[in-house]
Amino acid sequence: MRDYGVEKDLAVYNLLLDVFPKEVFRPRNVFQKIFVHYPRQQECGLAVLEQMENHGVMPNKETEFLLVQIFGRKSYPMLKFVRMKLWFSRFKNINPFPVPRDLPKDPVDLAVLGLRHIEPDLSARVTVYQTASSKDSTGTADPTQQHIVGIQSPDQQAALARHNPARPIFVEGPFSLWLRDRCVYYHILRADLVPPEEREVEEIPEEWNLYYPIQLDLKYGRGGWDDYEFDIDEVEEGPVFAMCMAGAHDQATLAKWIQGLQETNPALAQIPVIFRLTGSSGELLASSSGLEEPSPPPPQEQEEEEDHTQRQQQGQS
Amino acid sequence: MALVHKLLNGSYILRKGLKPSVAACPFLSTRSADYCSSSLQKPVATPGKASTQRTAAGGLQEDQREVALDIPSPEEKPEVSFDKAIKDEIKEHFRRLKDEIVNHWIGPEGRPLQEIILEQARVVWQFRGKEDLDKWIVTSDKTIGGKSEVFLKMGKNNQSALLYGTLSSAAPQDGENSQSGYCAMISRIPRGAFERKKSYDWSQFNTLYLRVRGDGRPWMVNIREDTDIIQKTNQMYSYFMFTRGGPYWQEVKIPFSKFFFSNQGRIRDAQFQLLLDKISSIGFTLADKVDGPFFLEIDFIGVFADPAHTEEFAYENSPVLNPRLFK
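Residues numbered from 1 in each chain as written. Chains lettered and ligands numbered in written order. Predicted model: local features only at pLDDT ≥ 70, side-chain atom pairs only at ≥ 80, totals over all residues. Heavy atoms only, no water.

Chain B goes by Complex I intermediate-associated protein 30, mitochondrial in an unreviewed UniProt entry, where it is assigned to Myotis myotis. Database annotation for chain B, UniProt heading Subcellular location (unreviewed entry): "Mitochondrion". According to UniProt, the comment filed for chain B under the heading Function (unreviewed entry) is "As part of the MCIA complex, involved in the assembly of the mitochondrial complex I." (UniProt positions renumbered as here; feature names shortened; annotations may be inferred.)

By the naming in an unreviewed UniProt entry, chain A goes by Evolutionarily conserved signaling intermediate in Toll pathway, mitochondrial and is assigned to Myotis myotis.

Here is the structure:
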């Protein structure tokens with residue numbers, strides 16, 4: 001059924017069930033009821049329902065009516081139908097991050113959907129820096145422009161503005177994200193962790209606001225004996241400043257993204273940006289401020305985070 | 001049909017003196033994808049490798065490639081000697097026995113009683129070093145002839161574990177399995193002295209907490225209870241874990257009341273809640289019928305007692321499916 005693209009279509013399954021003769025397989029007397037009446041046919045009906053289940057198609061009243069007509073109410077396909085109805089409705093909405101069933105075909109729309117999916121901050125802004133140019137008047141095989149879509153939240157913008165220009169920031173990627181059955185790749189712009197001695201602690205002057213305290217240290221209604229913290233050091237990683245999804249994973253496209261980011265983050269012009277891309281030739285230094293810096297050795301752990309097959313496909317330097 | 005996958009523990013050489021019990025390690029590698037059922041896998045004993053002294057952190061699939069992640073260079077190969085290994089093992093087991101007896105006086109599991117009683121959040125598995133990876137076994141459908149690959153290794157800066165690989169749902173053409181394509185990471189059953197099976201007691205907790213970073217794929221979390229009774233080896237409680245994808249760490253909290261019961265890979269009509277006093281292992285399965293590479297980074301796995309969660313069991317039995325329960 002996958003060849004015709006109708007595996008998720010309920011009407012097709014109902015028509016398939018319609019092929020069965022209607023009143024033949026129903027048990028008529030008690031002996032037929034004890035033994036499984038027409039077992040091969042019941043198995044066949046079960047196979048149809050199982051395929052429906054595998055593709056996540058919810059059966060409806062018409063299916064129920066057909067099954068009752070064909071197999072009777074106490075048959076195995078009918079039992080399976082009842083189970084499907086029960087468990088499907090129980091598990092319908094358990095995904096806390098739902099992805100729509102019909103994914104958009106346009107890569108830019110898909111990128112927007114993906115970026116909104118992974119960014120928990122709802123006030124983040126999505127910017128389309130470039131759309132893929134599909135009209136090729138010169139007739140070259142691949143379009144010269146790939147789509148670039150970026151996302152950044154106001155908190156990230158503020159953090160980038162505060163970032164110390166002496167420390168470089170890295171463009172890492174590509175990481176894979178699966179939306180239903182489509183895989184898209186995204187890159188992130190992040191900085192390394194600031195070592196504890198260099199971390200600045202923001203001091204809020206006490207009398208900033210006289211009407212209510214700025215820092216409130218209440219544990220609402222919980223006793224002091226409650227301790228829900230886990231006894232483990234949290235994995236600390238550097239802050240993420242922005243994310244993007246681009247059609248190509250090479251440095252030229254990502255450099256365009258950085259240039260686009262510079263419009264909203266003028267501080268980015270002073271900060272050296274290092275591209276740590278897997279699949280390309282290790283690390284390359286691209287500094288927007290023109291500072292000369294020796295490129296640090298490519299970190300092994302960085303690249304191993306990526307998918308193995310992707311590495312093998314694109315080759316490793 | 002008892003499904004038995006015999007797996008050797010990687011950390012001992014030649015286990016001649018110490019036979020594991022019969023129901024020792026029947027690990028089911030996986031079950032269904034999203035809703036109900038999957039094909040029953042035929043019983044296959046994965047050919048056990050005589051494991052050498054270094055532990056195999058990768059899957060116990062027979063390819064040398066997986067173990068190739070840890071193979072030391074030829075100059076460093078440790079001297080393998082039969083007598084020494086046997087002596088080491090005997091000493092190890094007596095040390096464990098001594099620890100157990102001493103711990104019995106200190107308190108349950110070697111910690112003082114008041115600490116255990118007042119504990120509200122416990123880290124059960126963490127991934128901070130190679131020895132933490134040894135507590136897990138990684139399987140895929142290669143055991144039934146499929147083509148998925150899965151590997152487990154330490155992540156960045158030794159702060160997390162990375163489970164990655166490729167899923168392929170091409171069914172093995174052996175006439176028995178019509179569906180394929182799963183990968184699983186299962187924890188080993190905790191062993192005491194002389195390989196006796198121990199179990200976890202989580203009766204004061206009610207939620208499972210995972211800190212993961214995935215790639216958007218839906219995983220399934222399976223919990224198996226104490227496997228001394230042979231029927232229980234095929235029973236497990238499962239629930240789904242949906243990863244978000246993205247560079248941020250995701251906290252997944254699954255209350256134990258949401259786990260549904262399944263036997264031999266099929267979800268059952270008669271549902272009962274998961275009892276927490278004898279848990280033997282937990283596992284993560286990926287079988288979402290989408291071919292392609294995947295990865296899952298796990299920081300730690302813990303249990304805690306969520307005071308806001310008062311539900312005892314999320315699924316009620318229906319009289320249509322289970323008339324006998326409602327007589």
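Having seen the structure, we can now continue with the description.
Participant: Go over the overall build of chain B, please, and point to the residues and values.
Facilitator: Of the regular secondary structure elements, chain B holds four helices and 13 strands. For chain B, the residues scored as buried account for 56% of the 327 residues in total. Long-range pairs, those at least 24 residues apart, make up 75% of the contacts in chain B between residues at least 6 apart in sequence. Carbon and sulfur atoms form 56% of the exposed surface of chain B, whose accessible area is close to 14700 Å². (Helix = DSSP H or I, 4+ residues; strand = E, 2+ residues; numbered from the N terminus. Buried < 20%, exposed > 50% of the residue type's maximum accessible area, 1.4 Å probe, protein only. Contact = heavy atoms within 4.5 Å. Areas by Shrake-Rupley, 256 points an atom, 1.4 Å probe, with all protein chains shown as cover.)

Participant: Help me get a handle on helix α4 (residues 61-71) of chain A, residues and values and all.
Facilitator: Residues and elements named next belong to chain A. Among the residues making up α4, those that are buried are T63, L66, L67, V68, I70 and F71. On the buried face of α4, the contacting elements are α1 (10-18), α3 (39-54) and α5 (76-90). A distance of 3.1 Å separates the backbone nitrogen of E62 from a side-chain oxygen at the start of α4, and that oxygen is part of N60. G72, located one to two residues past α4, shows a positive phi value of around 95°. (Polar contact = N/O pair within 3.5 Å; in protein donor to acceptor, adjacent residues only side chain to side chain.)

Participant: With reference to specific residues and values, describe a positive patch on the surface.
Facilitator: All names here are of chain A. A cluster of basic side chains, namely R2, K8, R101 and R180, defines a positive patch on the protein surface. Position of R101 among the secondary structure elements: in the loop between α5 and α6 (107-118). By relative accessible area, which is 44% here, R101 ends up partly exposed. (Patch = residues over 30% accessible without salt bridge, like charges linked within 9 Å, V, L, I, M, F, W, Y side chains within 5 Å. Salt bridge = Lys/Arg side-chain N within 4 Å of Asp/Glu carboxyl O. Lys, Arg positive; Asp, Glu negative; His and termini not counted. Charge placed at Lys NZ, Arg CZ, Asp CG, Glu CD.)

Participant: Explain the domain arrangement of chain A to me, using residue names and the numbers behind them.
Facilitator: Each assigned domain of chain A is listed with its residue range as follows: domain 1 (2-92) and domain 2 (97-131 + 145-196 + 237-286). On a C-alpha basis, the centres of domain 1 of chain A and domain 2 of chain A stand 48 Å from each other. (Domains from an automatic or database assignment.)

Participant: Talk me through the pairing of strand β3 (residues 149-154) of chain B; I want residue IDs and the actual numbers.
Facilitator: Residue and element names in this part refer to chain B. When you tally the buried positions in β3, you get five out of six residues, the bulk of the element. For β3 and strand β4 (residues 161-167), the ladder comprises six bridges, and the chain directions are antiparallel. Looking across to β4, one finds that V150 is bridged to G165. Remark: six residues form the turn of the hairpin made by β3 and β4, two consecutive strands paired antiparallel; N157 in that turn has positive phi of roughly 55°. (Pairing = 2+ DSSP bridges.)

Participant: Give me the lowdown on the interface of chain B and chain A, citing residues and values where you can.
Facilitator: Facing 58 residues of chain B, the contacting portion of chain A comprises 53 residues. Counting across the chain B and chain A interface gives two salt bridges. E237(A) serves as the salt-bridge partner of R213(B), at 3.0 Å between the closest nitrogen and oxygen. One can count eleven residue pairs in polar contact (both at pLDDT 80 or more) joining chain B with chain A. Mapped onto the side of chain B that touches chain A, the elements with two or more residues apiece are β1 (121-126), β4, β6 (207-213), β8 (235-242) and β13 (292-304) of chain B. Considering every element that reaches the side of chain B that touches chain A, the biggest residue donor is β13(B), with ten residues.

Participant: Can you break down the packing of α1(A) against α3(A) residue by residue, with the values?
Facilitator: All names here are of chain A. Two elements in contact, α1 and α3, have axes separated by 10 Å at closest approach and are oriented at 175°. As far as their axial angle goes, α3 and α1 are roughly antiparallel. In contact with L10, Y13 and L17 of α1, α3 contributes V48, Q51 and M52. When its residues are assigned to classes, the contact of α1 with α3 shows five nonpolar, one polar and no charged. (Axes fitted to C-alpha atoms, helices over the stretch in contact; angles between N-to-C directions. Parallel < 35°, antiparallel > 145°, perpendicular 65-115°, else oblique. Nonpolar A, V, L, I, M, F, W, Y, C, P; charged D, E, K, R; others polar.)

Participant: Summarise the sheet that holds strand β11 (residues 266-267) of chain B; cite the residues concerned and give the values.
Facilitator: Adjacent strands of a sheet form backbone hydrogen bonds with each other and so pair up, either parallel or antiparallel. Residue and element names in this part refer to chain B. Strand order across the open sheet formed by seven strands is β2-β5-β12-β7-β8-β10-β11, with antiparallel pairing between neighbours. Among the strands making up the open sheet, the edge pair consists of β2 (136-140) and β11. Here four bridges tie β8 to strand β10 (residues 260-263), and the two strands are oriented antiparallel to one another. Across the sheet, M236 pairs through a bridge with S262, a residue of β10.

Participant: Residue-level account of the domain arrangement of chain B, with values.
Facilitator: Residue and element names in this part refer to chain B. According to the domain assignment, chain B consists of domain 1 (86-118) and domain 2 (119-304). Distance between the C-alpha centres of domain 1 and domain 2: 27 Å. For the pairing of domain 1 and domain 2, the buried interface totals around 900 Å² over both sides, and the portion due to carbon and sulfur atoms is 41%. On the domain 1 side of the interface with domain 2, the three residues burying the most area are H93, R96 and E100, jointly 47% of the side's total. The tally of links from domain 1 across to domain 2 stands at three salt bridges. The salt bridge partner of R96 is E195, with a shortest N-O separation of 4.0 Å. Linking domain 1 to domain 2 there are ten residue pairs in polar contact (both at pLDDT 80 or more). Elements with a contribution of two residues or more to the side of domain 1 that touches domain 2: α2 (82-106) and α3 (113-118). With five residues, α2 is the single largest residue contributor to the side of domain 1 that touches domain 2. Here the side of domain 1 that touches domain 2 is built from residues that sort into five nonpolar, one polar and five charged. (Buried area = accessible area lost by both parts, 1.4 Å probe.)

Participant: Which residues make up the nonpolar core, and what are the values?
Facilitator: Grouped together as the largest cluster of nonpolar side chains are 52 residues, with contacts concentrated most on W202(B), L208(B), M241(B), F259(B) and F284(B). What F284(B) contacts, discounting residues up to four positions off in sequence, is W136(B), C183(B), A184(B), M185(B), L210(B), W219(B), M220(B), V221(B), M241(B), I298(B) and I301(B). Counting 20 residues, the second-largest nonpolar core is a separate cluster that includes I148(A), C244(A), L268(A) and V273(A). (Core = buried A, V, L, I, M, F, W, Y, C linked by side-chain atoms within 4.5 Å.)

Participant: Summarise a nonpolar patch on the surface; cite the residues concerned and give the values.
Facilitator: Together, V30(A), F31(A), I34(A) and F35(A) make up an exposed nonpolar region whose accessible area comes to about 490 Å². Summarising the element assignment, F31(A) is placed in helix α2 (residues 30-34).

Participant: Give a description of unusual backbone geometry that names residues and reports values.
Facilitator: All names here are of chain B. Even without being glycine, N158 reaches a positive phi, approximately 55°. Among the secondary structure elements, N158 is positioned in the loop between β3 and β4. Residue K289 is not a glycine yet carries a positive backbone phi of 65°. Its place among the elements puts K289 in the loop between β12 (279-286) and β13. On the accessibility criterion, K289 (29% relative accessible area) is partly exposed.

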